[in-house]
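Read off the chains here:
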Amino acid sequence: MAKRDYYEVLGVAKTASDDEIKRAYKKMAIKYHPDRNPGDKEAEDKFKEAAEAYDVLRDPEKRQRYDQFGPEGVNGMGGFGGGQSMNMDDIFSMFGDIFGGGFGGGFGRGFGGQGQGYRKPKFKGKDQRLRVELDLNEIVNGTTKKFKLKNDVTCSHCHGSGSEDGKVDTCPTCHGTGYVVRTQQSIFGMMQSQSACPECHGEGTVIKNKCHECHGEGIKQGESIVEVNFPAGLSEGMVLTLEGKGGAGRHNGVNGDLQIIIKEKPHEELLRDGNDLVYNLLLSVPMATLGCTVEVPTVDGKAKINIEPGTQPGTVLRMKGKGVPEVQGYNRGQKGDEVINISVYIPETLSKDEKEAMKKMDRSENFIPAESVRSKIFSKFRSYFE
Ligand SMILES: [Zn+2]
Ligand SMILES: [Zn+2]
């Protein structure tokens, strides 16, 4: 795919100043940040695209070459413009550059790039999983259910700070930066490496007087009530992810997610085939022969259907729109059918009179299929194998 014009990507004029470019990128980076748009591929692409554009336009030399030669001009110049794509780590390290250390606000991604732009980690709470069984009626119509969950909740005693007296001190080991720099002699000369502070685990703060209820964690075991809206048309094995409905994060961090795994409770009479429901209607010999009106189960009560005289076993009838609605995509809400497959019950025992009657019928030519009927039934039979 051809790359879009970098100025267009950031929504700035070709004459934009460095400052305007930086501000435009900042705005887009926040808007499309993956932490804010989890699972949204389009946002992620926009986020990457903006980062690539910014990576080129922020560098005067690259920008000039881009202006003069287009994307080809910045190929192979190091960095990422034009050619290969940036990976997420590169982007996040660029982030650190722009936003400095203070880029908090729910973006919990720990360390920025090497030596630049350290961001304090926000702890994410535990993700939770819940298996929920829905019956066919709930699946077809959608439903709302409430669940009581045991999970980590913010400690009410310290309001999540983890401190008994509300006081939080700057970490004496890292002086609040959250990382320590080590200088080592190596064969390449002096090497500096940066790692999370061992005392505060990157938080930059320590609690001297820990909350006695949560032992300084800011969270404790508790219960929460979650209301879940199940859209119509779900099926076995589907997963609904409820962001932020999982356990609370340490020290007022970010909540984990709640994943709901759908289980289908089998219906007593109706089988599911994609969005169609299948019912096997068993008729007696006289019913199929003489025709009748019968009741069949549907997802919303009984329905009456007419059986024509002379209905063959294997005949399939369809009740349009009596199936399961499509849960997603362009045809969302569009319902499948109820498919009625007809079989005929052949009696296993007969009285003497019935036997006599049957023998008499057997001699009637009405009971012998004509050649045209034979081939019609055979071609239907053959179609199962195609
Ligand atoms: Zn506490
Ligand atoms: Zn520290």
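A look at the overall build of the protein
Thought 1: Helix and strand content of the protein: nine helices and 15 strands.
Thought 2: Residues counted as buried form 35% of the 386 residues belonging to the protein.
Thought 3: Considering only contacts within the protein whose residues lie at least 6 apart along the sequence, 63% involve residues at least 24 apart.
Thought 4: Accessible area of the protein: about 23,500 Å², with a carbon and sulfur share of 50%.

What to know about the coordination of the zinc ion (ligand 1)
Thought 1: Summarising the metal site, the zinc ion (ligand 1) is bound by the protein donors Cys155 (SG), Cys158 (SG), Cys211 (SG) and Cys214 (SG), whose distances to it range over 2.2 to 2.3 Å.
Thought 2: In primary sequence terms, the donor set of the zinc ion (ligand 1) follows C-x2-C-x52-C-x2-C. Separated by 56 residues along the polypeptide, Cys158 in the loop between strand E2 (143-154) and strand E3 (169-170) and Cys214 in the loop between strand E6 (205-206) and strand E7 (219-230) bring together distant segments of the chain. One exposure class covers both Cys158 and Cys214, and it is buried.

Some details on the nonpolar core
Thought 1: One finds Phe230, Ile260 and Leu281 to be the most contacted residues of the largest nonpolar core, which totals 35 residues.
Thought 2: Looking at which element gives the most residues to this core, the answer is strand E11 (residues 276-284), with four residues.
Thought 3: Inspection of this core shows a minimum of three residues originating in each of domain 2 (128-168 + 207-264) and domain 3 (271-346).
Thought 4: Beyond its immediate stretch of four places on either side in the chain, Phe230 contacts Val132, Leu134, Gly142, Thr143, Lys145, Phe147, Leu240, Ile260 and Ile262.
Thought 5: Membership of the second largest hydrophobic core comes to 22 residues, among which are Ala43, Phe47, Ala51 and Tyr54.

Here we look at the coordination of the zinc ion (ligand 2)
Thought 1: In the first shell of the zinc ion (ligand 2), the protein supplies Cys171 (SG), Cys174 (SG), Cys197 (SG) and Cys200 (SG), at 2.2 to 2.3 Å from the metal.
Thought 2: Angles of 104 to 117 degrees at the metal separate the four donor atoms of the zinc ion (ligand 2), which places the site in the tetrahedral class.
Thought 3: The sequence pattern formed by the donor residues of the zinc ion (ligand 2) is C-x2-C-x22-C-x2-C. Here Cys197 lies in the loop between strand E5 (189-196) and E6 and Cys174 lies in the loop between E3 and strand E4 (179-186), a separation of 23 residues in the sequence.
Thought 4: The class of Cys174 is buried, set by a relative accessible area of 4%.

A few points about helix H3 (residues 41-57)
Thought 1: Helix length check: H3 (17 residues) gives 24 Å between terminal C-alpha atoms against 24 Å at 1.5 Å per residue, within 8%.
Thought 2: For H3, the full list of buried residues reads Ala43, Phe47, Ala50, Ala51, Glu52, Ala53, Tyr54, Asp55, Val56 and Leu57.
Thought 3: The residue sitting at the N-terminus of H3 and contributing the capping side-chain oxygen is Asp40; that oxygen lies 3.1 Å from the backbone nitrogen of Glu42.

A word on the layout of surface pockets
Thought 1: For the largest pocket, the calculated volume is near 970 Å³.
Thought 2: As for the largest pocket, its lining consists of 27 residues, of which Val285, Thr289, Gln312, Asn366 and Phe367 are closest to the centre.
Thought 3: With five residues, the single largest contributor to the lining of the largest pocket is helix H8 (residues 352-362).
Thought 4: Residues that form the lining of the largest pocket fall into these classes: 18 nonpolar, six polar and three charged.

Details of a nonpolar patch on the surface
Thought 1: On the surface, Leu350, Met358, Met361 and Phe367 cluster together to form a nonpolar patch covering roughly 330 Å² of accessible area.
Thought 2: Summarising the element assignment, Leu350 is placed in the loop between strand E15 (338-345) and H8.

As for unusual backbone geometry
Thought 1: Of note in the backbone geometry, His215 takes a positive phi value of approximately 55 degrees without being a glycine.
Thought 2: If you trace the backbone, His215 turns up in the loop between E6 and E7.

Structural notes on the pattern of salt bridges
Thought 1: Enumeration over the complete set of coordinates arrives at 26 salt bridges.
Thought 2: With a closest N to O distance of 3.9 Å, Lys148 and Glu223 form a salt bridge. Taken together, the positions of Lys148 in strand E2 and Glu223 in strand E7 put the pair 75 residues apart, joining distant regions of the chain.
Thought 3: The exposure class of Glu223 is partly exposed, given its relative accessible area of 46%.
Thought 4: Each of Asp276, Arg318, Lys320 and Asp337 takes part in a single network of salt bridges with overlapping partners.

Structural notes on the sheet that holds E15
Thought 1: Across the sheet, four strands lie side by side as E10-E11-E15-E14; this open sheet has mixed pairing. Of all strands in the sheet, those with a lone pairing partner are strand E10 (271-273) and strand E14 (316-319), marking the two edges. Each neighbouring strand pair of the sheet contributes to a mean axis angle of 35 degrees, computed without reference to strand direction.
Thought 2: Here E14 pairs with E15 via four bridges, running antiparallel. Note that in E15 the partner of Met319 across the bridge is Glu338.

So, the packing of aromatic side chains
Thought 1: This model, assessed by the stated rule, comprises six aromatic pairs.
Thought 2: With 4.6 Å between their ring centres and 25 degrees between their planes, Tyr6 and Tyr66 make a pair best called stacked. Taken together, the residues span a long stretch of sequence, with Tyr6 in helix H1 (residues 6-10) and Tyr66 in helix H4 (residues 60-69) at a distance of 60 residues. One exposure class covers both Tyr6 and Tyr66, and it is buried.
Thought 3: Taking 6.3 Å as the distance between ring centres and 45 degrees as the angle between the ring planes, the aromatic pair formed by Tyr7 and Tyr66 counts as tilted. Linking Tyr7 in helix H1 with Tyr66 in helix H4, this pair joins segments that are 59 residues apart in sequence.
Thought 4: Chaining the aromatic ring pairs together yields one cluster made of Tyr6, Tyr7 and Tyr66.

Procedures and definitions
Residues numbered from 1 in each chain as written. Chains lettered and ligands numbered in written order. Predicted model: local features only at pLDDT ≥ 70, side-chain atom pairs only at ≥ 80, totals over all residues. Heavy atoms only, no water. Helix = DSSP H or I, 4+ residues; strand = E, 2+ residues; numbered from the N terminus. Buried < 20%, exposed > 50% of the residue type's maximum accessible area, 1.4 Å probe, protein only. Contact = heavy atoms within 4.5 Å. Areas by Shrake-Rupley, 256 points an atom, 1.4 Å probe, with all protein chains shown as cover. Donors = N, O, S within 2.8 Å, 3.2 Å for Na, K, Ca; no water. Core = buried A, V, L, I, M, F, W, Y, C linked by side-chain atoms within 4.5 Å. Domains from an automatic or database assignment. Tetrahedral: all angles 85-135°; square planar, octahedral: opposite > 155°, others 65-115°. Expected span 1.5 Å × (residues − 1). Polar contact = N/O pair within 3.5 Å; in protein donor to acceptor, adjacent residues only side chain to side chain. 1 Å grid on protein atoms, 1.4 Å probe; cavity = no way out; pocket = protein on both sides within 12 Å on 5 of 7 lines; lining within 4 Å. Points joined across faces, edges and corners; volume = space filled by probe spheres on them. Nonpolar A, V, L, I, M, F, W, Y, C, P; charged D, E, K, R; others polar. Patch = residues over 30% accessible without salt bridge, like charges linked within 9 Å, V, L, I, M, F, W, Y side chains within 5 Å. Salt bridge = Lys/Arg side-chain N within 4 Å of Asp/Glu carboxyl O. Pairing = 2+ DSSP bridges. Axes fitted to C-alpha atoms, helices over the stretch in contact; angles between N-to-C directions. Phe/Tyr/Trp six-rings, centres within 6.5 Å; stacked < 30°, edge-to-face > 60°.

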